[in-house]
Amino acid sequence: MQSDPIEKYINKVTKNMGSKQREEVGRELKAHILDSADALAEEKNVEVDDTIIQETIKRMGPAEDIADMYPEEKAGKDNIIDGLKYITRSLVFFVVAASIIGIVLQLIFKDLSLYPFVVVAIIVYLVIMGIHFVKRKFIPKFLQNK
Amino acid sequence: MQLAVICLLDKERYGYEIIKNLNDTGLKVEEGTLYPLLRRLEGNELLSSRWETGGPRPRKYYIITDLGKEIRLNWLITFKTLIDTITELEANIQDKGASKNAE
């Protein structure tokens, strides 16, 4: 239980890193938090507990700010993984959007042909993806202009 | 802060040790900010590192490289020049009381 807030903090810091960087940074930050917690507990003459861990994490600074300070070190493999994640996410969006539209249209128009359904599903899919891009500011590396 | 950090690394030290040393010299740093800085300095080849996994916790030790020593010298010269310039400019301040209050 004690390590949960540490893992949570480290995951927030490392979530956008490539696998090698994530592993190294996570290991280093975890060792630091544990060292720092030991020192704080000794200073207060108490055992390391959740309160000490929380205070130590607070001293580290906001995870999002720390994450932004790290240099980007993604390897080619990480970009491929990002690309695959993007394609998977897109397909899931499409299937979900198409299913919802399909169910709604079936309920409204009992004898619906496939063609208008596909057109509406694609339009809705594009709108959802557009909102997704704007909200997440996420464009995979292989689609970015070099 | 990077100049202070790089000045500590003629001897191998790990992150927590560096923060303790900085705090001892009166330079308070938000602990998490040190690690991205170390990573950047290492990426620029001003520092090198190695993992020590023999102890109770794995530790990443950093030390300054030859390139780091060259760059550090340049930074120190720039920093000292800046201090001299500020000292010179401070002599032109007429309201010394306000200057002392600002300190």
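Here's what I pulled together on the structure shown here. (Residues numbered from 1 in each chain as written. Chains lettered and ligands numbered in written order. Predicted model: local features only at pLDDT ≥ 70, side-chain atom pairs only at ≥ 80, totals over all residues. Heavy atoms only, no water.)

1. Some thoughts on the overall build of chain B
Quick note on the threshold: Counting from the N terminus, the helices are the DSSP runs of H or I reaching at least four residues and the strands are the DSSP runs of E reaching at least two. The cut-offs for exposure are 20% and 50% of the maximum accessible area for each residue type, with area from a 1.4 Å probe on protein chains only; residues under the lower value are buried, those over the upper are exposed, and the others partly exposed. Only heavy atoms enter the contact rule, under which two residues are in contact if any of them lie within 4.5 Å.
Looking only at helices and strands, chain B features five helices and three strands. Going from the N terminus to the C terminus, chain B shows its helices and strands as α-β-α-α-β-β-α-α. Burial statistics for chain B: of 103 residues in total, 34% are counted as buried. When contacts within chain B are restricted to residue pairs at least 6 apart in sequence, long-range pairs at least 24 apart make up 45% of them.

2. Quick word on the layout of surface pockets
To keep it simple, the criterion reads: Here a cavity denotes grid points, spaced 1 Å and computed from the protein atoms alone, that fit a 1.4 Å probe unable to get out, and a pocket denotes an open set having protein on both sides within 12 Å along at least 5 of 7 lines; residues with an atom within 4 Å of a point are the lining. Grid points are joined across faces, edges and corners, and a volume is the space filled by probe spheres set on the points. Throughout, the ten residues Ala, Val, Leu, Ile, Met, Phe, Trp, Tyr, Cys and Pro are labelled nonpolar, Asp, Glu, Lys and Arg are labelled charged, and all others, Gly among them, are labelled polar.
Taken as a whole, the second largest pocket holds about 230 Å³ of empty space. If you trace the second largest pocket, you find it lined by Ser36, Ala39, Leu40, Glu43 and Arg59 of chain A together with Tyr16, Ile19, Lys20, Asn23, Val29, Glu30 and Glu31 of chain B. Of all the secondary-structure elements, those providing two or more residues to the lining of the second largest pocket are helix H2 (19-44) of chain A together with helix H2 (15-24) of chain B. Residues belonging to the lining of the second largest pocket are distributed by class as follows: five nonpolar, two polar and five charged.

3. A look at the pairing of strand E3 (residues 59-64) of chain B
Residue and element names in this part refer to chain B. Counted only if it meets this: In this scheme, strands are said to pair when DSSP sees at least two bridges between them.
Burial runs high along E3: five of the six residues are buried. Judged from the two bridges that link them, strand E1 (residues 13-14) and E3 form a sheet pairing that is antiparallel. Bridging from a neighbouring strand, Arg13 pairs with Tyr62 of E3. Bridging between strand E2 (residues 47-52) and E3 involves six bridges; their strand directions are antiparallel. From the neighbouring strand, Glu52 faces E3, where its bridge partner is Arg59. As consecutive antiparallel partners, E2 and E3 are separated by six residues.

4. A closer look at the packing of helix H1 (residues 4-14) of chain A against H2 of chain A
All names here are of chain A. Note the following rule: Only the stretch in contact is used when fitting a helix axis, every axis being a line fitted to C-alpha atoms; angles between N-to-C directions are given from 0 to 180 degrees. Should an angle fall under 35 degrees it is taken as roughly parallel, and over 145 as roughly antiparallel, whereas 65 to 115 is taken as roughly perpendicular and any remaining angle as oblique. In this scheme the crossing of two helices becomes right-handed for a clockwise turn of the near helix relative to the far one and left-handed for an anticlockwise turn of less than a right angle.
Running from N to C, H1 and H2 point in directions that differ by 140°, and their axes come no closer than 10 Å. With respect to each other, H1 and H2 are oriented oblique. Judged by the twist between their axes, the crossing of H1 over H2 is right-handed. For the pair formed by H1 and H2, the contact residues are Ile6, Glu7, Tyr9, Ile10, Val13 and Thr14 on the first element and Arg22, Val25, Gly26, Leu29, Lys30, Ile33 and Leu34 on the second. When the residues that make up the contact of H1 with H2 are grouped by side-chain class, the tally is eight nonpolar, two polar and three charged.

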